[in-house]
Amino acid sequence: MALVKAGVVVLDCAEPEKLAGFYKELLDGEETDATANRVEIRGSEGMRLAFRRDMNATPPSWPRPENALQAHLDFVVDDLDEAERRVIGLGGRPLETKDASGPFEERGYADPAGHSFTLRRVTPTAPKQG
């Protein structure tokens, strides 16, 4: 019998209700639990995320070194352009990249609270080069 039955990624933020709404829409999910300081969602494919209130939370500044990367999420999508439009429409923003021209297999973004995440067209099968 497994000691741990389930796991959930928890992101600290000042406004858990607002951030949960962003990811709920992005993942086509549903809210599964909410208290005064925590909201949990489950995406349509079963991914579980929770958002915990921390009034002192500061957004990471990735890729700049001023504030270390605190968490990073990866999402696989079929259409990067369509997913990008949805992310921006929900309040996310593109992150700075070294070379922003041409098509990419992945793109980096920040959610409304500043947590970084990547949209990937396909799951990577080879080590990153360059």
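Keep in mind that this is a model prediction, so the values were computed, not measured. (Residues numbered from 1 in each chain as written. Predicted model: local features only at pLDDT ≥ 70, side-chain atom pairs only at ≥ 80, totals over all residues. Heavy atoms only, no water.)

Peer 1: Whenever I open this one, the overall build of the chain confuses me. Can you help?
Peer 2: The helix and strand tally for the chain stands at two helices and eight strands. For the chain, the succession of helices and strands along the chain, N to C, is β-α-β-β-β-β-α-β-β-β. Taking all contacts inside the chain whose residues are at least 6 apart in sequence as the whole, residues at least 24 apart take part in 54%. Carbon and sulfur atoms provide 50% of the accessible area of the chain, an area that totals close to 8,600 Å². (Helix = DSSP H or I, 4+ residues; strand = E, 2+ residues; numbered from the N terminus. Contact = heavy atoms within 4.5 Å. Areas by Shrake-Rupley, 256 points an atom, 1.4 Å probe, with all protein chains shown as cover.)

Peer 1: Help me understand the sheet that holds strand β1 (residues 9–13), please; the structure alone is not making it clear to me.
Peer 2: Sheet strands line up and pair through hydrogen bonds in the backbone, either parallel or antiparallel. With respect to topology, four strands assemble into an open sheet ordered β1-β4-β3-β2, the strand pairing being mixed. Pairing within the sheet leaves two strands with one partner each, and these edge strands are β1 and β2 (30–34). For this sheet, the mean inter-axis angle between neighbouring strands, taken without regard to orientation, is 25°. In this sheet, strand β4 (residues 48–53) lies alongside strand β3 (residues 38–42) in antiparallel orientation, the contact comprising five bridges. Considered in β4, the bridge of Arg38 is made with Arg52. (Pairing = 2+ DSSP bridges. Axes fitted to C-alpha atoms, helices over the stretch in contact; angles between N-to-C directions.)

Peer 1: Even after reading the chapter, I still don't get the pairing of β3, so can you show me in this structure?
Peer 2: Along any regular strand the residues' side chains alternate between the sheet's two faces. As judged from the four bridges shared by β2 and β3, these two strands associate in the antiparallel manner. The residue of β3 that forms the bridge with Asp33 is Glu40. Remark: three residues form the turn of the hairpin made by β2 and β3, two consecutive strands paired antiparallel. The antiparallel pairing of β3 with β4 creates a hairpin that spans five residues between the two strands, and Gly46 there sits at a positive phi of about 100°.

Peer 1: What is the right way to look at the pattern of salt bridges in this model?
Peer 2: Side-chain pairing between opposite charges can occur once the charged atoms of the two side chains come close. Under the criterion given, the structure shown has ten salt bridges. One salt bridge connects Asp12 with Arg52, and the closest N-O pair in it is separated by 2.9 Å. Within this pair, whereas Asp12 is found in strand β1, its partner Arg52 is found in strand β4, the two being separated by 40 residues in sequence. The exposure class of Asp12 is partly exposed, given its relative accessible area of 29%. Here the salt bridges do not stand alone but share partners, grouping Arg38, Glu40 and Arg48 into one network. (Salt bridge = Lys/Arg side-chain N within 4 Å of Asp/Glu carboxyl O. Buried < 20%, exposed > 50% of the residue type's maximum accessible area, 1.4 Å probe, protein only.)

Peer 1: I'm lost on the packing of aromatic side chains in this one. Help?
Peer 2: For the structure on display, the rule yields seven aromatic pairs. Where Tyr23 meets Phe117, the ring centres are 6.1 Å apart and the plane angle is 65°; that geometry is what we call edge-to-face. Taken together, the positions of Tyr23 in helix α1 (residues 16–26) and Phe117 in strand β8 (residues 116–120) put the pair 94 residues apart, joining distant regions of the chain. You'll find Tyr23 and Phe117 in the same group, each marked buried. (Phe/Tyr/Trp six-rings, centres within 6.5 Å; stacked < 30°, edge-to-face > 60°.)

Peer 1: Any chance you could explain the environment of Pro60 here in plain terms?
Peer 2: In this fold, Pro60 is placed in the loop between β4 and β5 (72–76). Distance from Pro60 to His115, taken between C-alpha atoms, is 6.3 Å for residues 55 residues apart in sequence.

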